[in-house]
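Take a look at the letters that make up each chain.
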Amino acid sequence: VVKYNEKKYFLPTFSKIKITETEDVGNDEFERNFKYIQEVPNGVPSTIKDWSLDFQKVFGNNATLAMGFAFASLMRDYIFNRYDCFPLLNLFGPAGSGKTFMARAITCLYGIPQRPIHAVSGTISSFFRKVAQARNANSWYDEYSEKVPDPKLEGFKNFFDGFGRSLSKLSKDNKTQNTPVHSSVIISGQVLPNRDPALLERCVTLYFTEKKVTKAQTQRADKFTDAGKKGFYSQIAAQIHALRPHIIDTFDEMVETTSDHLIGMFNNFNKPSTRVLNNFS
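Residues numbered from 1 in each chain as written. Predicted model: local features only at pLDDT ≥ 70, side-chain atom pairs only at ≥ 80, totals over all residues. Heavy atoms only, no water.

### What to know about the packing of helix H10 (residues 234-242) against helix H11 (residues 244-263)
For any two helices packed against each other, the geometry is given by the interaxial angle and the distance between the axes. Test applied: Between the N-to-C directions of two axes lies an angle of 0 to 180 degrees, each axis being a line fitted to C-alpha atoms and, for a helix, fitted only over the stretch in contact. Secondary structure elements follow DSSP: runs of H or I of four or more residues count as helices, runs of E of two or more count as strands, with numbering from the N terminus. Put simply, angles under 35 degrees are roughly parallel, angles over 145 are roughly antiparallel, angles from 65 to 115 are roughly perpendicular, and the rest are oblique. The contact criterion used is simple: two residues touch if any of their non-hydrogen atoms lie within 4.5 Å. Residues are grouped as follows: Ala, Val, Leu, Ile, Met, Phe, Trp, Tyr, Cys and Pro are nonpolar; Asp, Glu, Lys and Arg are charged; every other residue, Gly included, is polar.
Where H10 contacts H11, the two axes come as close as 5 Å, and the packing angle between them is 55°. Considering their axes alone, H10 and H11 lie oblique with respect to each other. Together, Ile-240, His-241 and Ala-242 of H10 and Arg-244, Pro-245 and Ile-247 of H11 make up the contact between the two elements. In terms of residue class, the contact of H10 with H11 is built from four nonpolar, one polar and one charged.

Below, the structure is given as C-alpha cells:
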C-alpha cells in the first residue's frame with residue numbers, strides 16, 4: 001500500500017496477499033521489474049553525466065544517438081503530441097556485435113531490464129499489447145528478419161504514427177476497441193528492415209559491426225551491465241524526468257538547431273528525406 005497526496009493505493013503486483021507456493025505470478029513480471037530503485041552502491045554511475053560517459057565508453061560511436069533516443073523516449077508523450085509521430089530505433093548488425101547488449105542497457109533505465117518480444121514468433125496480441133503497457137518507456141522487439149509477418153510489419157509502421165491495434169467489440173453499436181501506443185519502440189536484428197522502405201524511413205538506424213575488444217573493455221562492459229540488471233539506472237530516468245519542464249521549454253529550438261546541423265553535413269545530391277532528417281533531429 002502506497003500513500004500519496006493523502007490517498008492510499010493498493011499495488012497488487014507487489015503484494016503477497018494472493019501469492020501461494022503454487023500460484024503462477026509470471027503475468028506480473030513487467031510490473032514487478034518496472035520500478036524505481038533509489039539506493040545505489042559506490043562505484044555505480046549516479047548522475048546523468050557519469051552514466052552517459054560510461055554508456056559512451058561501452059558502445060562507442062553509436063552511443064550518442066542511442067542516448068538521444070533513450071532520453072527522448074522519456075518525453076514521448078510530449079514529442080508525439082507536438083509532431084504527431086515518434087521514430088523507432090533500429091539496431092542492425094551481425095550476431096555478437098552488441099545490438100542486444102545496447103537494447104537491454106536502454107531498458108535498464110526503467111528498473112530491471114525487460115524481456116524482448118520475439119519479432120517473428122511472438123503472438124500478435126503480445127506484439128500490440130507491449131506498446132500499451134507503460135507510458136514514456138521502451139518496447140523492445142528482437143530478432144527482426146524477413147520472416148516477420150505482414151500484420152506485424154504494418155504494426156511497426158503504425159507505431160511511428162501512434163496507431164495500435166483495432167478490434168471490433170461484441171456489441172450492437174459497431175464500436176471498436178483500440179490498443180494504444182504509449183511507449184517508444186526498439187527493433188534489433190541481423191536483417192535490415194528494408195522489405196518495406198516506408199518502415200526504414202520511420203527508423204533511426206544504427207549499424208553495428210563485429211570488432212575485437214580488449215579484456216579491459218569487456219570488464220568495463222560487464223560492470224556496466226551488471227549494475228543495470230539490478231535496476232540501479234532507474235534513478236537516471238528519474239533525474240531526466242526532473243528536467244522535463246526545461247526540456248519542453250527548449251525542445252523546439254534544439255530540434256531546429258540540430259536539423260540545420262544535420263542538413264549542413266550533406267549536399268543536395270545525397271541529402272536524406274525530410275522524414276529521416278526529422279527522425280534523427
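### Focus on the packing of helix H2 (residues 48-59) against helix H5 (residues 99-107)
Contact geometry for H2 and H5: axes closest at 11 Å, N-to-C directions at 170°. With respect to H5, the axis of H2 lies roughly antiparallel. Here Phe-55, Val-58 and Phe-59 of H2 come into contact with H5, specifically with Phe-101, Met-102, Ala-105 and Ile-106. Its residues placed into classes, the contact of H2 with H5 shows seven nonpolar, no polar and no charged.

### Some points on the packing of aromatic side chains
As a reminder of what qualifies: Any Phe, Tyr or Trp ring, taking Trp's six-membered ring, that has another such ring centre within 6.5 Å forms a pair; planes under 30 degrees apart are called stacked, those over 60 apart edge-to-face, and the others tilted. Each residue gets one of three labels from its accessible area relative to the maximum for its type: buried under 20%, exposed over 50%, partly exposed in between, using a 1.4 Å probe on protein chains only. As a reminder, the over-ring test applies to NZ of lysine and CZ of arginine, requiring each to be within 6 Å of the ring centre and within 35 degrees of the ring normal.
What the rule picks out here adds up to 23 aromatic pairs. Arranged with centres 6.2 Å apart and planes meeting at 85°, the rings of Phe-156 and Phe-159 form a pair that is edge-to-face. Pair noted here: Phe-156 and Phe-159 are both in helix H7 (residues 150-160), with a separation of three residues, about one helical turn. Given a relative accessible area of 3%, Phe-159 falls into the buried group. Chaining the aromatic ring pairs together yields one cluster made of Trp-51, Phe-55, Phe-59, Phe-71, Phe-101, Phe-224 and Tyr-233. Positioned above the aromatic ring of Tyr-83, the side-chain terminus of Arg-82 is 4.9 Å from the ring centre.

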